Amino acid sequence: MNSLENEKAIRAIVATCVEAYASGFSDRHISEKDDDDGTINMKIHNVFIAALGPEIQYYSALARSLDSSLGNMLEKMAIRIATLHYTVSQHVEGCLYKEQTDYIAELLEKYKRHAQKPSVLDYQGITKRIGDIIQKRHESDYYLYDEVTGMRYLIELKIGGDLDNKKARSEKEALLEQYCILTNQLGEDKVKILFATAYNRYGEGKPWRQGRVLQFFSEDELCISRDFWNLVCKSERGYDIVVDEYKNCVHYIIAALDNIKSIYLSNE
């Protein structure tokens, strides 16, 4: 696939995903208008928000729903784009060794106590740690295999970069165990661990500085915004193509929001 064909394919996926998302988002919320358990209705009964007026009440509820569902759409869209160039899986299973899991636990405890700053050097040579065999399966956000280069990417994707304090350790643990499962079979030079985001919450091109992420992931493991989209698109222009086509199609989402507003605020 040449660069022009790749761009056309990426744009087609973005356009399809955005249009389908807008239609589904509108249909779902409009169908829930008289449902007390509907997504918006469940969130509009905060009397402290309601006191600010019906429009604030409505937008406050809708914004939370939009943010969550839009993130889900972006995740699915990235997977569809990745299938243009990679074999995509969302699980890893196989053998690892107890000595490896023990080492991972010790390493993460050091990160947790800020006794050690994360580095990709920390787990180099981990395939030499052998012992009792453990069979394990992990669900993965993205496991990409590039058949051309032989590289495999284990990606933890957080759309906006938020890494839950309670889950940070366990998510890095899962990635390291997946890394061990693959490298025990393939060697360490063909597998990478990445923490990815769909956009840079600090501004495109600016340094990533979220403390919770940097407590468990090294700079070399970060795949932020442009780097992520360029990777899944397998193009140095991947980010620009995705964002440009999204902007071309965003009118579908705007129209959907207008439709929902006309239903929920029809009496105002």
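Here goes a summary of the coordinates provided.

About the cut-offs
The residue numbering used here restarts from 1 in each chain and proceeds along that chain's sequence as written. With pLDDT at 70 or above as the cut-off, local features in this predicted model cover only qualifying residues; side-chain atom pairs require 80 or more to be listed or tallied, and sums for whole chains, interfaces and linings still use all residues. Hydrogen atoms and water are omitted, and side-chain values are computed over all heavy atoms in the structure. Only protein chains enter the area calculation, which uses a 1.4 Å probe; residues under 20% of their type maximum are buried, those over 50% are exposed, and those in between are partly exposed. Each helix is a run of DSSP H or I of at least 4 residues and each strand a run of E of at least 2, with the numbering of both proceeding from the N terminus. In this count, Lys and Arg are taken as positive residues and Asp and Glu as negative ones, while His and the chain termini are left out. Salt bridge, as used here, is a side-chain nitrogen of Lys or Arg placed within 4 Å of a carboxyl oxygen of Asp or Glu. Polar contacts here mean pairs of N or O atoms no more than 3.5 Å apart (in protein, one a potential hydrogen donor and the other a potential acceptor; neighbouring residues in sequence count only if both atoms are side-chain atoms). Whether two residues touch is decided by their heavy atoms; if any such pair falls within 4.5 Å, the residues are in contact. Two strands make a pair as long as DSSP finds a minimum of two bridges between them. To define axes, lines are fitted to C-alpha atoms, for helices over the stretch in contact only, and angles between the resulting N-to-C directions are given on a 0 to 180 degree scale. Angular relationships are summarised with four words: roughly parallel below 35 degrees, roughly antiparallel beyond 145, roughly perpendicular across 65 to 115, and oblique for the angles in between.

In terms of burial, helix α7 (residues 226–233) is a largely internal element, six of the eight residues being buried. Buried residues of α7: Phe228, Trp229, Asn230, Leu231, Val232 and Cys233, and no others. Lys234 sits one or two positions beyond α7 and adopts a positive phi of about 50°.

Examined against the element boundaries, Arg152 turns out to sit in strand β3 (residues 152–157). Buried within the structure, Arg152 lacks any salt-bridge partner; Glu147 is the closest side chain of opposite charge, at an N-O distance of 8.4 Å. Polar contacts involving the side chain of Arg152 include one to the side chain of Tyr143, which spans 2.9 Å. From its side chain, Arg152 meets the backbone oxygen of Gly150 in a polar contact 3.5 Å long. Beyond its immediate chain neighbours, meaning those up to four positions away, Arg152 contacts Tyr143, Leu144, Tyr145, Leu186, Lys190, Val191 and Lys192.

Overall, mixed pairing links the five strands, which are arranged β1-β2-β3-β4-β5 in an open sheet. Taken across any chain shown, the strands that pair with only one partner, and hence form the sheet edges, are β1 (87–97) and β5 (222–224). Adjacent strand axes in the sheet meet at a mean angle of 40°, parallel and antiparallel pairs treated alike. Inspection of the sheet shows β3 paired to strand β4 (residues 191–197) by six bridges, in the parallel sense. Bridging across to β4, Leu154 finds its partner in Ile193. Relative to the sheet, α7 contacts β2 (133–145), β3, β4 and β5, its axis offset from that of β5 by approximately 90°.

Attention now goes to the packing of helix α3 (residues 54–82) against α7. Here α3 crosses α7 at 40°, and the two axes come no closer than 8 Å. Judged by the inter-axis angle, α3 sits oblique to α7. Counted together, Leu74, Met77, Ala78, Ile81 and Ala82 of α3 and Phe228, Trp229, Val232 and Cys233 of α7 form the full contact between these two elements.

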